[in-house]
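Coordinate analysis (summary)
What follows is each chain in one-letter form.
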Amino acid sequence: MRVITKTADLATLRQELASQPFVAVDTEFMRETTYWPKLCLIQAAAPGIEAVIDPLAEGLDLQPFLELMADSNVLKVFHAARQDLEIFLKLGGQLPHPVFDSQIAAMACGYGDTVAYDALVQQVLKRRLDKSSRFTDWSRRPLSESQLAYALADVTHLRDLYPRIHQKLADSNRLSWLDEEHAYLLDPEIYDTTPENAWRRLKLRKTTADYVLALQVAAAWRERQSQMRDVPRGRIVKDEALYEIAEHRPKSAADFDRMRAVPRGFGNSRAAQELVQALDKAFTDPNRPVFKYERPPPLPSGLGPTVELLKVLLRYEADTHGVAPRLIASASEVEAIAASDTADVPALSGWRRKVFGERALALKHGKLALKLKDGKVFVEEA
């Protein structure tokens, strides 16, 4: 087994991989006790090449591999890529590109929504994965041969999986179906960790300007604390505490003591005093931004049955074309189509319109009928 622990060896591996049209990549990391993911292992494989890279090896510089991740001439293949991409963005300052996510591709091939990697490997390659090392501590050294074999197998399966899924998509003219999903993965905004934007991850329970401002301040404070201490957000305070802080806007330690979701004694901490000061500063700022909630227009009355019929049609078309329904349209998009023929949703443009959108509009206007025969739904021209 090829285990890379020296920068010179990594540079050699990088040259070998750069000569290939694609490289399958996987990572092992720990995040249970930290804010930032701790990268413990990188696995890479291309036709005739496979290696495990130990980023914790003393003196190893990952720059050669980060350069490969930024090489636009080499396709990077991941499965459920988001967390891997986040790691490489943090390490190298840019997202790997171009990318191919086999989980997204599997949805376009009809393997279901967010199919698990082991299930996909079994369906496509007819191989069973060894799961014995799945929950191992990847940060401990030395790693055993069984751990390294488990990690490497993940990426060698992915290397073998990619050409088959790619060919299946090409044969059915569906490669372009992935463009929008991959573009989303490569949008830096979804990996944004700016504290001032942390509140956007939370679901608003109230929409008054003062409540939202307090929630924004509290969420930004927690994000800074979490990043500075490198601990999970919940180790600072839970989400429920942020909602309670936004509701009551504490002005002293005693105010914290009356909150059920805030840890006991929290009000006497330096962090709590910083939060009180941040709230006071925000609310006394004459130029503070005023949040205005724009409530989405309600669906027209009586639209429920239309929505349900469109959902049945969506499922039918998804099954007919062998593609996951979620890749075609979300529930909110179906509602939007039910409400308007010109709804600004992906399902009414591009390949999605051909697969579902046009038929959805036809069903709305009585040009199609859904029927049930022998326990199966079928569509008939009206």
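As the structure is a prediction and not an experimental result, all values here were calculated from the model.

Thresholds applied
Residues numbered from 1 in each chain as written. Predicted model: local features only at pLDDT ≥ 70, side-chain atom pairs only at ≥ 80, totals over all residues. Heavy atoms only, no water. Helix = DSSP H or I, 4+ residues; strand = E, 2+ residues; numbered from the N terminus. Buried < 20%, exposed > 50% of the residue type's maximum accessible area, 1.4 Å probe, protein only. Contact = heavy atoms within 4.5 Å. Areas by Shrake-Rupley, 256 points an atom, 1.4 Å probe, with all protein chains shown as cover. Lys, Arg positive; Asp, Glu negative; His and termini not counted. Charge placed at Lys NZ, Arg CZ, Asp CG, Glu CD. 1 Å grid on protein atoms, 1.4 Å probe; cavity = no way out; pocket = protein on both sides within 12 Å on 5 of 7 lines; lining within 4 Å. Points joined across faces, edges and corners; volume = space filled by probe spheres on them. Axes fitted to C-alpha atoms, helices over the stretch in contact; angles between N-to-C directions. Parallel < 35°, antiparallel > 145°, perpendicular 65-115°, else oblique. Left-handed = near helix turned anticlockwise from the far one by under 90°. Nonpolar A, V, L, I, M, F, W, Y, C, P; charged D, E, K, R; others polar. Phe/Tyr/Trp six-rings, centres within 6.5 Å; stacked < 30°, edge-to-face > 60°. Lys NZ or Arg CZ within 6 Å of the ring centre and 35° of its normal. Salt bridge = Lys/Arg side-chain N within 4 Å of Asp/Glu carboxyl O. Pairing = 2+ DSSP bridges. Core = buried A, V, L, I, M, F, W, Y, C linked by side-chain atoms within 4.5 Å.

Along the chain, the regular secondary structure elements total 16 helices and eight strands. Among the 382 residues that make up the chain, the fraction classed as buried is 46%. At a minimum sequence separation of 6, the contacts of the chain that also span at least 24 residues come to 61%. Accessible surface, the chain: about 20,200 Å² in total, of which carbon and sulfur atoms supply 49%. Treating the 52 positive side-chain charges of the chain as one cloud and the 53 negative ones as another, the clouds have centres 4 Å apart.

As a volume, the largest pocket reaches approximately 740 Å³. Looking at the lining of the largest pocket, the elements that each hand over two or more residues are β2 (22–30), α3 (82–92), α5 (117–125) and α6 (145–171). Counting residues per element, the lining of the largest pocket draws most heavily on β2, at six residues.

Next up on the list: the packing of helix α15 (residues 331–339) against helix α16 (residues 350–364). For the pair α15 and α16, interaxial distance at closest approach is 10 Å and the crossing angle is 45°. With respect to each other, α15 and α16 are oriented oblique. The crossing of α15 and α16 is right-handed. Here α15 contributes Ile-337, Ala-338 and Ala-339 to the contact with α16, which in turn contributes Phe-356, Ala-360, Leu-361 and Lys-364. In the contact of α15 with α16, the residues fall into six nonpolar, no polar and one charged.

Now for the packing of aromatic side chains. On inspection of all chains with the given rule, the structure shows nine aromatic pairs. Ring centres of Trp-199 and Phe-291 lie 5.9 Å apart, and the angle between their planes is 85°; this geometry places the pair in the edge-to-face category. Placement of Trp-199 in the loop between α7 (179–185) and α8 (209–229) and of Phe-291 in the loop between α12 (270–284) and α13 (304–321) is noted, with a sequence separation of 92 residues between them. For Trp-199, a relative accessible area of 9% puts it in the buried group. Judged by its relative accessible area of 23%, Phe-291 falls in the partly exposed class. Connected via pairs of aromatic rings, a cluster forms that spans Phe-22, Phe-100 and Tyr-162. A cation over a ring is seen here: Arg-249 above Phe-283, with NZ or CZ 3.7 Å from the ring centre.

Counted by the stated rule, this structure contains 23 salt bridges. The salt bridge partner of Glu-308 is Lys-311, with a shortest N-O separation of 3.9 Å. Of this pair, Glu-308 and Lys-311 both sit in helix α13, three residues apart, which is roughly one turn of that helix. Residue Glu-308 is classed as partly exposed on the basis of its relative accessible area, which comes to 46%. Judged by its relative accessible area of 32%, Lys-311 falls in the partly exposed class. A single network of salt bridges, built from pairs that share partners, joins Glu-50, Arg-127, Arg-159 and Asp-160.

Relative to strand β8 (residues 376–381), strand β7 (residues 368–373) is paired through six bridges, and the arrangement is antiparallel. Paired with Lys-371 across the two strands is Phe-378, which belongs to β8. The turn linking β7 back onto β8 is made up of two residues, and Asp-374 within it adopts a positive phi angle of 55°.

Quick look at the nonpolar core now. Residues Leu-17, Ile-53, Phe-65, Phe-100, Ile-328, Ile-337 and Phe-356 are the most contacted members of the largest nonpolar core, which totals 95 residues. No other element matches the ten residues that α6 contributes to this core.

Right, let's get into unusual backbone geometry. The amide bond that connects His-97 to the next residue, Pro-98, takes the cis arrangement and shows omega of -15°. Here the amide bond leading from Arg-141 into Pro-142 is cis, since omega sits at 5°, within 30 degrees of zero. By the element assignment, Pro-142 lies in the loop between α5 and α6. You will see that Ala-80, though not glycine, has its phi angle at about 55°, which is positive. With respect to the element layout, Ala-80 can be found in the loop between β5 (75–78) and α3.

This part takes up the side chain of Gln-20. Counting through the fold element by element, Gln-20 comes out in the loop between α1 (7–18) and β2. With relative accessibility at 19%, the residue Gln-20 sits in the buried group. Sequence-distant contacts of Gln-20, defined by excluding residues within four places in its chain, comprise Ala-46, Pro-47, Ile-49 and Val-74.

Turning our eyes to something else, we now look at the sheet that holds strand β3 (residues 38–46). The strand order across the open sheet built from six strands is β1-β4-β3-β2-β5-β6, with neighbouring strands paired in mixed fashion. Bordering the open sheet on either side are β1 (3–4) and β6 (99–101), each of which pairs with just one other strand. In this structure, β2 lies alongside β3, joined through seven bridges in antiparallel fashion. Directly across from Phe-29, in β3, lies its bridge partner Leu-39. Where α1 meets the sheet, its contacts fall on β1, β2, β3 and β4 (49–53), and the angle it forms with β4 comes to roughly 145°. Docked against the sheet, α3 engages β2, β3, β5 and β6, running at close to 85° with respect to β2.

Interpretation note: all reported values are geometric properties and have no functional meaning in isolation.
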